[in-house]
Amino acid sequence: MRKLVNAFLAIFVISFLLILLVNYLNKSEGYSGGNTITVYNWGDYIDPELLDRFEEETGMKVIYETFDSNEAMMTKIQQGGTFYDVAVPSEYAIEKMKEEGQLLKVDHSKIPNLKNIDERFLDLPFDPGNEYSVPYFWGTVGIVYNPKLLDGMEFHSWNDLWNEELKNEILLVDGAREVIGFGLNSLHYSLNETDNDKLQEAKEKLVALQPNIKAIVGDEIKMLMVNEEASVGVVWSGDAADMMWENENLDYVVPEEGSNLWFDNMVIPKTAKNVEGAHKFINFMLDAEVAAQNTDYVGYSTPNREAMKLLPEETISDERFYPSPELTERLEVYENLGKKMLAYYNDLYLEFKMHRK
Ligand code: SPD
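Per an unreviewed UniProt entry, the protein goes by ABC transporter substrate-binding protein and derives from Fervidibacillus halotolerans.

Below you can see the structure in the form of structure tokens.
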């Protein structure tokens, strides 16, 4: 009898532990392997229908998690304990992750749709030969504004944000490089500035902007601008395009001093559990029709030449989102400034944030 009780107890304990393990793995840290892949992407950055379609077409299950800054994404992956199969960092983050040995090389033979990508977006300095990354979307940083709420006011320069009439009107995207970046741009300095005096000057200038800042926000910036709860926002271009689709009073401008040109690419973290599945997902996202549908949904600019052929002419000829060569001349790509300098940018950003009323 005692043997039977012991056997029963052992089965009970083992089953309980198994349930705990499965729950833990399925929870939030990206469980993949077998027939599952885990994708780690920016918020509001994919048409959810495409995830369903990928699952239907491949029979795989997608676990999908989001982040709101490169810094948050890199910290999470670096801390370990995550098993993301695909992540979507921006250029300077890709360079840093590569340097730190956090990425696997992508196998181009498993991504035949790479041929759909326009050559302008391949072989860029942050990843020569696209050994570790494959283009997803690209864009700029600029000012979205609502002339209807601002008596027809227009924006041409970053310095227009300091206008006293804009008290408590401005929303800022919550990103250290973006905010310190436009502070630097407003002073005609480089977005990759490392000179301490210039960086301090930019931070002080941003502190002086505080009375005009209504809030520093994440993806909710779109809802606030669309609902006309704020009249000005510093945003990524595709979010502006999405807002303008919802509210035709809005306009977007890349200021004359210049701004940031950024590239978000898909990568496979070293800790991936389903490398085969990751390649399948990347290849799927590069299909012309899929990329066109995704572009139409999220509003960002696509690097996919074949997808562009399927998009309405008014989308791809809109120079606010597909900038002309003259405008592109004034844009600058973030460089990987090294661990210490990136941490310094973050510190300056925190100091600026601490001056909130
Ligand atoms: N809501 C999706 C935002 C994605 C924007 N990525 C921009 C990265 C700029 N460094």
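J.: It is not clear to me how the UniProt feature "binding site: spermidine" (unreviewed entry) in the protein should be interpreted in this structure. Could you clarify?
T.: UniProt records the feature "binding site: spermidine" (unreviewed entry) for Tyr 92 in the present numbering. Inspection of the secondary structure puts Tyr 92 in helix H4 (residues 91–99). Excluding its chain neighbours within four sequence positions, the residues that come into contact with Tyr 92 are Asn 70, Glu 71, Arg 177, Tyr 334, Glu 335, Asn 336 and Leu 342.

J.: What is the right way to read helix H10 (residues 288–298) from this model?
T.: Along an α-helix, residues three or four positions apart point the same way, because every turn accommodates 3.6 residues. Residues of H10 that are buried: Ala 288, Val 290, Ala 291, Ala 292, Asn 294, Thr 295 and Val 298. Capping the start of H10 is the job of one residue whose side-chain oxygen sits 3.1 Å from the backbone nitrogen of Glu 289: Asp 287. Following H10 by one or two positions, Gly 299 has its phi on the positive side, about 90 degrees.

J.: What is the right way to look at the side chain of Glu 257 in this model?
T.: Take Glu 257: it is sitting in the loop between strand S9 (251–253) and strand S10 (259–269). Summary of buried charges: Glu 257 has no salt-bridge partner, and the nearest side chain of opposite charge, Arg 330, is 7.1 Å away. A distance of 2.4 Å separates the side chain of Glu 257 from the side chain of Ser 157, its partner in a polar contact. Excluding its chain neighbours within four sequence positions, the residues that come into contact with Glu 257 are Ser 157, Trp 158, Asn 159, Asn 185 and His 188.

J.: Even after reading the chapter, I still don't get the packing of helix H6 (residues 196–209) against helix H14 (residues 339–354), so can you show me in this structure?
T.: In helix packing, the relevant descriptors are the interaxial angle and the interaxial distance, both defined with respect to the helix axes. Relative orientation of the contacting elements H6 and H14 amounts to 25 degrees, with a least axis distance of 9 Å. One finds that H6 runs roughly parallel with respect to H14. Every pair of crossing elements has a handedness; the one defined by H6 and H14 is right-handed. For the pair formed by H6 and H14, the contact residues are Asn 196, Leu 199, Gln 200, Lys 203, Leu 206 and Val 207 on the first element and Met 341, Tyr 344, Tyr 345, Leu 348, Glu 351 and Phe 352 on the second. Its residues placed into classes, the contact of H6 with H14 shows eight nonpolar, two polar and two charged.

J.: Where do I start with unusual backbone geometry in this structure?
T.: Among all residues except glycine, the phi angle is most often negative; among peptide bonds, the trans geometry is most common. Of note in the backbone geometry, Asn 130 takes a positive phi value of approximately 50 degrees without being a glycine. By secondary structure assignment, the location of Asn 130 is in the loop between strand S4 (103–104) and strand S5 (133–145). Judged by its relative accessible area of 5%, Asn 130 is buried. Non-glycine residue His 188 carries a positive phi angle of around 65 degrees. Tracing the backbone shows His 188 in the loop between helix H5 (176–186) and H6. With relative accessibility at 62%, the residue His 188 sits in the exposed group.

Analysis parameters
Residues numbered from 1 in each chain as written. Predicted model: local features only at pLDDT ≥ 70, side-chain atom pairs only at ≥ 80, totals over all residues. Heavy atoms only, no water. UniProt positions renumbered as here; feature names shortened; annotations may be inferred. Helix = DSSP H or I, 4+ residues; strand = E, 2+ residues; numbered from the N terminus. Contact = heavy atoms within 4.5 Å. Buried < 20%, exposed > 50% of the residue type's maximum accessible area, 1.4 Å probe, protein only. Polar contact = N/O pair within 3.5 Å; in protein donor to acceptor, adjacent residues only side chain to side chain. Lys, Arg positive; Asp, Glu negative; His and termini not counted. Salt bridge = Lys/Arg side-chain N within 4 Å of Asp/Glu carboxyl O. Axes fitted to C-alpha atoms, helices over the stretch in contact; angles between N-to-C directions. Parallel < 35°, antiparallel > 145°, perpendicular 65-115°, else oblique. Left-handed = near helix turned anticlockwise from the far one by under 90°. Nonpolar A, V, L, I, M, F, W, Y, C, P; charged D, E, K, R; others polar.

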